[in-house]
Structures are given as C-alpha cells and as structure tokens.
Amino acid sequence: MTSCHVTEDPIKKVAIFGGTHGNELTGVFLVKHWLENGAEIQRTGLEVKPFITNPRAVKKCTRYIDCDLNRVFDSENLGKTMSKDLPYEVRRAQEINHLFGPKDNEDSYDVIFDLHNTTSNMGCTLILEDSGNDFLIQMFHYIKTSLAPLPCYVYLIEHPSLKYATTRSIAKYPVEVGPQPQGVLRADILDQMRKMIKHALDFIQNFNEGKEFPPCAIEVYKIMEKVDYPRNENGDIAAIIHPNLQDQDWKPLHPGDPVFLTLDGQIIPLGGDGTVYPVFVNEAAYYEKREAFAKTTKLTLNAKSVRSSLH
Ligand SMILES: [Zn+2]
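Here we summarise the structure given alongside this text. It should be emphasised that the depicted structure is a prediction, and the values quoted were computed from it without experimental measurement.

As a further point, take the coordination of the zinc ion. Around the zinc ion, the protein supplies His21 (ND1), Glu24 (OE), Glu24 (OE) and His116 (ND1) as donor atoms, at distances of 2.0 to 2.5 Å. Taken together, the four donor atoms coordinating the zinc ion and their angles of 56 to 150° define a geometry best described as irregular. The motif formed by the donor residues of the zinc ion, counted along the single chain, is H-x2-E-x91-H. Of this pair, Glu24 sits in the loop between strand S2 (13-18) and helix H1 (25-36) while His116 sits in strand S4 (residues 111-117), and the two are 92 residues apart along the sequence.

Now for the packing of helix H5 (residues 134-147) against helix H6 (residues 187-208). In a packed pair of helices, the relevant descriptors are the angle between the two axes and the axis-to-axis distance. Following both chains from N to C, one finds H5 and H6 inclined at 130°, their axes separated by 9 Å at the closest point. If you check the angle between H5 and H6, you find them oblique. Relative to H6, the crossing made by H5 is right-handed. Residues Phe135, Gln138, Met139, Tyr142, Ile143, Ser146 and Leu147 of H5 touch H6, and the partners they reach there are Lys195, Met196, His199, Ala200, Asp202, Phe203, Ile204, Asn206 and Phe207. Taken together, the residues that form the contact of H5 with H6 break down as ten nonpolar, four polar and two charged.

This paragraph deals with the environment of His5. Tracing the chain through its elements places His5 in strand S1 (residues 5-8). Between the C-alpha atom of His5 and that of Val306, which follows or precedes it by 301 residues, the distance is 5.7 Å. The contact partners of His5, leaving out residues within four places of it in the chain, are Glu212 and Ser305.

This part takes up the packing of aromatic side chains. As enumerated under the stated definition, the model contains 18 aromatic pairs in all. Through a chain of ring-to-ring contacts, three or more aromatic side chains come together here, namely Phe135, Tyr142, Phe203, Phe207 and Phe213. One Lys or Arg, Arg56, reaches over the ring of Tyr88 and ends 4.5 Å from the middle of that ring. Seen from the ring of Phe73, Lys172 lies directly overhead, with NZ or CZ sitting 5.2 Å from the centre.

Let us look at H6. Given a rise of 1.5 Å per residue, 22 residues ought to cover 32 Å, and the 32 Å separating the end C-alpha atoms of H6 matches this to within 8%. At the C-terminal side of H6, Gly210 shows a positive phi close to 100°.

The subject of this paragraph is the pattern of salt bridges. All told, the structure shown has 16 salt bridges when counted by the stated rule. Lys198 is the partner of Asp202 in a salt bridge, and the nearest nitrogen-oxygen pair spans 2.5 Å. Taken together, the residues span about one helical turn, with Asp202 and Lys198 both in helix H6 at a distance of four residues. For Lys198, a relative accessible area of 40% puts it in the partly exposed group. The partner of Arg290 in a salt bridge is Asp228, and the shortest N-O contact between them spans 3.8 Å. Pair noted here: Arg290 is in the loop between strand S12 (277-279) and strand S13 (293-303) and Asp228 is in the loop between strand S8 (216-227) and strand S9 (240-241), with a separation of 62 residues, a long-range link. Overlapping salt bridges bring together Glu24, Arg63, Asp68 and Lys289 as one network.

With that settled, the discussion passes to the sheet that holds strand S10 (residues 258-261). Strands pair in a sheet through their backbones, by hydrogen bonds, and they do so in one of two ways: parallel or antiparallel. Strand order in this open sheet of three strands is S9-S10-S11, and the pairing throughout is antiparallel. Edge strands, defined here as strands with exactly one partner in the open sheet, are S9 and strand S11 (267-269). Alignment of S10 against S11, held across three bridges, turns out to be antiparallel. Paired with Leu261 across the bridge in S11 is Ile267.

Here we come to the sheet that holds strand S6 (residues 152-156). One open sheet accounts for nine strands, arranged S3-S2-S4-S7-S5-S6-S8-S13-S12; its pairing is mixed. Strands at the two margins of the open sheet, each flanked by one partner only, are strand S3 (47-52) and S12. Averaged over all neighbouring strand pairs, the angle between strand axes comes to 35°, with direction disregarded. In this structure, S6 lies alongside S8, joined through two bridges in parallel fashion. Looking across to S8, one finds that Leu156 is bridged to Lys222. With respect to the sheet, helix H4 (residues 88-100) is in contact with S2, S3 and S4, its orientation differing from that of S3 by roughly 170°. Relative to the sheet, H5 contacts S4, strand S5 (123-128), S6, strand S7 (172-178), S8 and S13, its axis offset from that of S8 by approximately 100°.

What counts as what
- Residues numbered from 1 in each chain as written.
- Predicted model: local features only at pLDDT ≥ 70, side-chain atom pairs only at ≥ 80, totals over all residues.
- Heavy atoms only, no water.
- Donors = N, O, S within 2.8 Å, 3.2 Å for Na, K, Ca; no water.
- Tetrahedral: all angles 85-135°; square planar, octahedral: opposite > 155°, others 65-115°.
- Helix = DSSP H or I, 4+ residues; strand = E, 2+ residues; numbered from the N terminus.
- Axes fitted to C-alpha atoms, helices over the stretch in contact; angles between N-to-C directions.
- Parallel < 35°, antiparallel > 145°, perpendicular 65-115°, else oblique.
- Left-handed = near helix turned anticlockwise from the far one by under 90°.
- Contact = heavy atoms within 4.5 Å.
- Nonpolar A, V, L, I, M, F, W, Y, C, P; charged D, E, K, R; others polar.
- Phe/Tyr/Trp six-rings, centres within 6.5 Å; stacked < 30°, edge-to-face > 60°.
- Lys NZ or Arg CZ within 6 Å of the ring centre and 35° of its normal.
- Expected span 1.5 Å × (residues − 1).
- Salt bridge = Lys/Arg side-chain N within 4 Å of Asp/Glu carboxyl O.
- Buried < 20%, exposed > 50% of the residue type's maximum accessible area, 1.4 Å probe, protein only.
- Pairing = 2+ DSSP bridges.

And the structure:
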C-alpha cells in the first residue's frame, strides 16, 4: 500500500432508510416498494435492507410525532434510559441504533442511505459530513458522474459549531431530492432518487469486486452559516424570501443581491463582502427551525485511489 492508495474492507451490509420524515414521500414510497420487491436493490454478496424509520409519522403523513428523528441520534439521546415517557422519536432512534449501529460495532451496517425530500429547488443532493473520507468522496464522484448531465450536488455539513446530531453514531448518509412539496409524490423526483440509489449500489458492488477507483476530485458546497428570516418584536416573520432568490439554490448570491422582501416592498439585500451559494432556500420544514436558507462556500475535495482490501 502506498500513501496515495487507500484500501478498505469490503462493504457487507447496506441499509436504505425511508420515512425518517414521514411526509417526505419519495423515500417512503421507494422503501415500501423495495420491501415488497427488492430485486433492483439486490447485489451479489451484499446485504441490502430497506427500512421505514418513523412508521408512526409515515402513517400520519407528518414530519414527526414528538420531535425530529433526524436530530436525536446524538450520544445524549441514544444514552437515555429507555422509558415510555421518552419522546417517540428518541425511543425510535435507540431502536434504530440498536438494529443498524452502533458505529464501529462488528455487526453494524457499513453504509446507510437515508432518503429525504426538500421543498427547496435543490435537485439531487448528497450530504457529506466528513471531508476526509476517501471512500465516500469516491462514491459521490461515481454517483455524480453516472447521473450526468443531470446535476448532483454535494452539501458538506462539516462545521465545528453547527451540530446536526443526525448520525455520528451510525454511518448514515442523507440523500435529498427536491423540489417536492411535503405529502406529495412527483414522478421526476422519484426517478432521480431511484437512480441515485442504483448508482450508489453499483459503486459498492464494483468496489467489492475489486475495482480500483483512481484519484478523483469533486466540487462541494460547505456550510458557512444558517440565516433566519427577519423578525418583528414579537418574533414573527417580518419579510419573506425575495422572488429573485426563490428556487435559486446553488446559484451564486453576491453582496447587495436581494434576499428578503417585506410586505411594504422593502428589499433586504445580502450583506458581507463575499459571494455565497444558498441552499435549502425557503424549505418548508425549516420555518420551525428559524432557517430561511443556509449560506455555503464552494470548494473542491480530492480523494485518493481506493480499492477493497480483499483484492
Ligand atoms: Zn427530511
């Protein structure tokens, strides 16, 4: 092994999660389909398990029952003593961690794809938490290349203070596709998500069969900060996303460009002195999180060559 090669163990177990948010229907629909007929996600030598993560929220077609399942996979919540008084999603996170994790445990799943929709105009999006993971960068490069000319963006959420607490405990990789309203199924979005999973599984199969992936580079958008709506003294939203910014996820936003618009026509522009790339613009689920959009910066990540250690 040389310093420009990384060898890793073959991937044995992959899970595909749908319904982490019960009203994001593409993942719910695909996972339910694969539970009935999983032929298209089966790969030789690989265990692939489709799984509905928040069945009560799926049944009610709501984001969650008590709290956001995608924000409780932190050690504090996973370590709480199991009791029926705990929020439903905290109990569920513990069950899921037990079934699929914990990370670095011998029986735990190697890769988990967690299927989400966004109401923002983000197209196909892969979320990366670790900019130094050669295997994942290679996989994302493979998915991006396979989907082209359809764009596929990588959102890097590695940030010292913005904690998502999604998944450090289990190796879960969010896949987002939008725009799609909550509680709605769109055929174009379903097709895109289905292709992303196909290419991801193909990559893993190639890797397991001994294919060496040469060094590569991918463009990523790294989170800088989340931006709340302007608010009045009561805490109510005082301005909405400006029409020039609506649906412009991943597009450059320059200082002075319109960001918000008040009902009496006042434009609130972008401050600062640098171009940013907005994501999750006007995402429906983030009103309660007080996030109008997130600012990102564009950068390139390089990955070393990877291949399976069995070959
Ligand atoms: Zn979601």
